[in-house]
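# Commentary on secondary and tertiary structure
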Amino acid sequence: MDHTGTSLWSRTLGPCEVDQHRDDRERLRGAFNRCRENAAYLASEIARSLPEFTVHDVTHADALWEYADLILGPAYELTPAEGFVLGCSFLVHDLGMAASAYALHDGGLESNATYQKIVADCRVRGDSQPESKARAFYLRNYHAQEAHEIAMREWASRDGRRFQLIEDNGLREYYGRKIGEIASSHGWSASDVPEKLGGRIGAFPSFTTEWTVDQHKLALILRVCDAAHLDQRRAPPFLAALRRPIGFSALHWEMQQRLGKPHLESDALVYSSSQGFSCDQADSWWLSWESLRMVDKELRLAHSILVDAGKPPFAARRVKGIEEPKLLAKTVATIGWTPVDASPRVSDVSALVKKLGGEQLYGQSVDVPVRELIQNSRDAVKARQALAPLVPAGRVLVTLGSDAEGRYLEVDDGGIGMNESVLSGDLLDFGSSFWSTDRAQQALPGIVGNGFVPVGRFGIGFFSVFMLGNHVKVTTRHCMEAPADTRVLEFLDGVNFRPRLRNSQPEEFRHEPGTAVRIWLTSMAHELLRVGSVDSFQEYVAWLCPAVDVDVDVRYGGVGPKSAVRANDWITISGADLLRRLWARWNTRASYGAHVHASIEKLYGVCGARVRPLTDDSGRPVGRVAVMSGVIPIELWSAVGVVTLGGFRSTAMSNVTGILIGEHSGVSRDSAIPQVDFQRLAAWATDQAMLLDRSRREDEDVTNLESAVETVIRCGGGLGGLPVGYSRNGEVSIEGLRKMAVAQQVLYIAREEMGIDSSRASDLQPSVLVISSRGNAILQNSQGSVQWPPFRSRQHVIVSECFSAWGIQEAKDSPPLSQGRSRESRMNVYAAGPPVMANITILNRQPQSN
């Protein structure tokens, strides 16, 4: 059966024996037939552009007449004009999947600005064939949008002739744009159809008045028929053998090869398989399950929309057996296995959000939700900058204030804002980040190519706000919308009840795009923030996002706004100010005495003067750090520096002060690994050793020198004149160690921590070298220390230097202790005075037998 054999064709465009409107009907029929001939050529091009896709040629459009017969029922009324518009919409709706659908005289797809933005995104992401991938993405995701124009588009041949799908100028001018809108609507959500499409179209001027066109009805027919067309005609086995689809496309072909035409039982479409799905084809069966669930959803939505509008419903309103996999398997058969829906599910979503979106993932610190809010705002601001580079950069404003309901924290940004679908969908999709989806690239093409890199990756951070309070209000306006389009999403009791999405009141209108999130704080949350002035709040916010690349201001108790951080100012501010930003939260503790505050203030200058930049191969800054020295409170020592993610505080550093730019090493943002190249890190450490040695030779107060030496060694640096240990003759540098080794046949290396008294250094035996081996880690996260960087310890350096002085080449594939020249023992390290038996490492110039 082709489209002319359907009841719907006969009732609308087909010839009638007795027809008082014969000429008008023939005009419509002729115009449609010529449109079908032209569309068939263009539809055949889809296979060239997207060869992995199932059949989308004119046979698909023809089959939609047949499915419309089935779904509408034999008595459903459509006017001839509606038959013409619907039939043309069938023909047009998928033509945007052919690259040749883009008029050649306009430069074709390659001249399309959106396509070029997607190409730029693909190049930035490092795709091997960016043009090919961008073309497939555009044709797949934008074809419905392009359908809007295709009915009116013109193609030119080399000899100057021009072609259009609808050749009848009068019908094209009157119906063409409506055909395009209806065809385009199959890419919308069903609920958008009544809102975005106009109502009934009056009859064409020369037609009878009754030949109106109901756009809503036709759009719903198109979308349900297009969704329902799943049968072997779209995936012929021989064609599959020729094209050999792979991956997810192969599942689509395999699934549709086994499905026959559905039939109607009562109000349900019944799908069946020509042959069962084997266990090896289980993934294809589950794809049929998901596809038919989508068909069921479209039928139910269409029925609801039509009934609510007082229009006749379709005969088909659901898919039979879709309620349970076992029910569907009665008609879409399986062989040797039983479909049981064992996919992961969450029975208590609110409990999961409370656990993974709060304390179970992040701990009890209120710093986390404040940081996450600022980070989300940063992403929104950078996204808007990437989308509209000429628009002045937005800023983030963090407010701690109070109103009639109590104390609140609010983070407001001048970012891209959220439309309704993001606000009610992606924002609340726990565990899925909007920026990582195809929806983001489709909605915001080109932002990746313009340099946008989101900090948010996992779609969890927003839910951490409920650690601060249960009443949360999100007010947002998308950058492409007007102030009156501002929307409000409000949580009145955390995630225990569904939030309320409403239109804003006039006093809530945002006159600039962006988003504000306000949380009314619990008494505990406010207490934990521990800020008492705008200055301390400013220091706290800067401490949270010390290297952020957008401007961040604060307001406290009605005072402000006051700048906390300027975009990327961590690169240019003085070393002392950088450390003041990183240590401020501890330096302001009232429990410290005046002498402690004075000591910390002195270290700002001493350590700040040694802060040096680190860059990557392209010259991009990846750090500004110094090896730590000086006496500070014990709780500050393990957090003198920080590895940042997107400019936000992540993993704490001890022994190294300043900032290193990091990358994710886990879901939680307190787990980051620095991006610095190890060779550059080693060069920086060598420079730090030189600066430390110069400082102590110039009588500056360089304390905790042993920890500084250990840090230089751990980072792969050379010690220069710094001591690697001490002997009876005093400090021993690397050069001194080599001289000591040359003069001895055996060296004894003792660890100071084993009860050795540094005040008795002159009593040591001549061949004893005493070292410190505290082994302090640099990176510290919530799970403890992290082994970074992977360089050798002080003892390994000493062994290597001694072997080198003796002319022994150290084996690269085995540690020195396995070469028969080094062993562990106990001995008295002193030549005079009370003996001390210590664990030592004995290094021998000559190999020793076991």
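Residues numbered from 1 in each chain as written. Predicted model: local features only at pLDDT ≥ 70, side-chain atom pairs only at ≥ 80, totals over all residues. Heavy atoms only, no water.

Looking at where Asp168 falls in the secondary structure, it is placed in the loop between strand S2 (162-163) and helix H8 (169-184). Accessibility expressed as a relative area gives 14% for Asp168, which makes it buried. At a separation of 3.1 Å, a polar atom in the side chain of Asp168 contacts the main-chain amide nitrogen of Gly170. Among all residues touching Asp168, those that are not within four sequence positions of it are Arg27 and Ala31. (Helix = DSSP H or I, 4+ residues; strand = E, 2+ residues; numbered from the N terminus. Buried < 20%, exposed > 50% of the residue type's maximum accessible area, 1.4 Å probe, protein only. Polar contact = N/O pair within 3.5 Å; in protein donor to acceptor, adjacent residues only side chain to side chain. Contact = heavy atoms within 4.5 Å.)

Right, let's talk about unusual backbone geometry for a bit. Cis peptide bonds are those with omega within 30 degrees of zero, and the linkage from Gly560 to Pro561 qualifies with 5°. Position of Pro561 among the secondary structure elements: in strand S17 (residues 559-565). Note the cis peptide between Trp788 and Pro789, where omega equals -10°. The residue Pro789 is located in the loop between strand S29 (784-786) and helix H28 (794-805) in this model. With phi around 50°, Arg244 is a residue other than glycine that occupies positive phi space. Along the chain, Arg244 falls in the loop between helix H11 (237-243) and helix H12 (247-257). Non-glycine residue Asn655 carries a positive phi angle of around 70°. If you trace the backbone, Asn655 turns up in the loop between strand S21 (648-653) and strand S22 (656-664). A relative accessible area of 1% places Asn655 in the buried class.

Scanning the entire structure with this criterion turns up 24 aromatic pairs. Grouped by ring-pair contacts, the aromatic residues Phe84, Tyr174, Tyr175, Phe204, Phe207 and Trp211 constitute a single cluster. Over the ring of Phe277 we find Arg258; its NZ or CZ atom is 5.8 Å from the centre of that ring. Of note, Arg518 hangs over the ring of Tyr408, and the distance from its end group to the ring centre comes to 3.8 Å. (Phe/Tyr/Trp six-rings, centres within 6.5 Å; stacked < 30°, edge-to-face > 60°. Lys NZ or Arg CZ within 6 Å of the ring centre and 35° of its normal.)

This brings us to the confidence of the model for the protein chain. Of all residues in the protein chain, 88% have pLDDT values of 70 or greater, and the mean over the chain is 86. Contacts from residues 344-350, a stretch scored under 50 in pLDDT, to residues over four places away or in other chains number 2 contacts. (pLDDT = per-residue confidence, 0-100.)

To continue, consider the packing of helix H4 (residues 58-72) against helix H5 (residues 80-92). Look at H4 against H5: their axes get within 8 Å of each other, and the N-to-C directions meet at 140°. Between H4 and H5, the angle falls in the class oblique. Classified by chirality, the crossing of H5 by H4 is right-handed. Only Gly83, Gly87, Phe90 and Leu91 of H5 make contact with H4, whose side of the interface consists of Val58, Ala61, Leu64, Trp65 and Ala68. Its residues placed into classes, the contact of H4 with H5 shows 7 nonpolar, 2 polar and no charged. (Axes fitted to C-alpha atoms, helices over the stretch in contact; angles between N-to-C directions. Parallel < 35°, antiparallel > 145°, perpendicular 65-115°, else oblique. Left-handed = near helix turned anticlockwise from the far one by under 90°. Nonpolar A, V, L, I, M, F, W, Y, C, P; charged D, E, K, R; others polar.)

Here we come to the pattern of salt bridges. Counted by the stated rule, this structure contains 55 salt bridges. The salt bridge partner of Glu601 is Arg580, with a shortest N-O separation of 2.7 Å. With Glu601 in helix H23 (residues 594-608) and Arg580 in helix H22 (residues 575-587), this pair connects stretches of sequence that are 21 residues apart. For Glu601, a relative accessible area of 39% puts it in the partly exposed group. In this structure, a network of salt bridges that share partners links the residues Glu66, Asp231, Arg233 and Lys261. (Salt bridge = Lys/Arg side-chain N within 4 Å of Asp/Glu carboxyl O.)

Take the side chain of Ser185 next. Following the sequence through the fold, Ser185 ends up in the loop between H8 and helix H9 (193-196). For Ser185, a relative accessible area of 1% gives the class buried. Polar contacts involving the side chain of Ser185 include one to the main-chain carbonyl oxygen of Ile182, which spans 2.6 Å. Setting aside residues up to four positions removed in sequence, Ser185 forms contacts with Leu197, Ala219 and Arg223.

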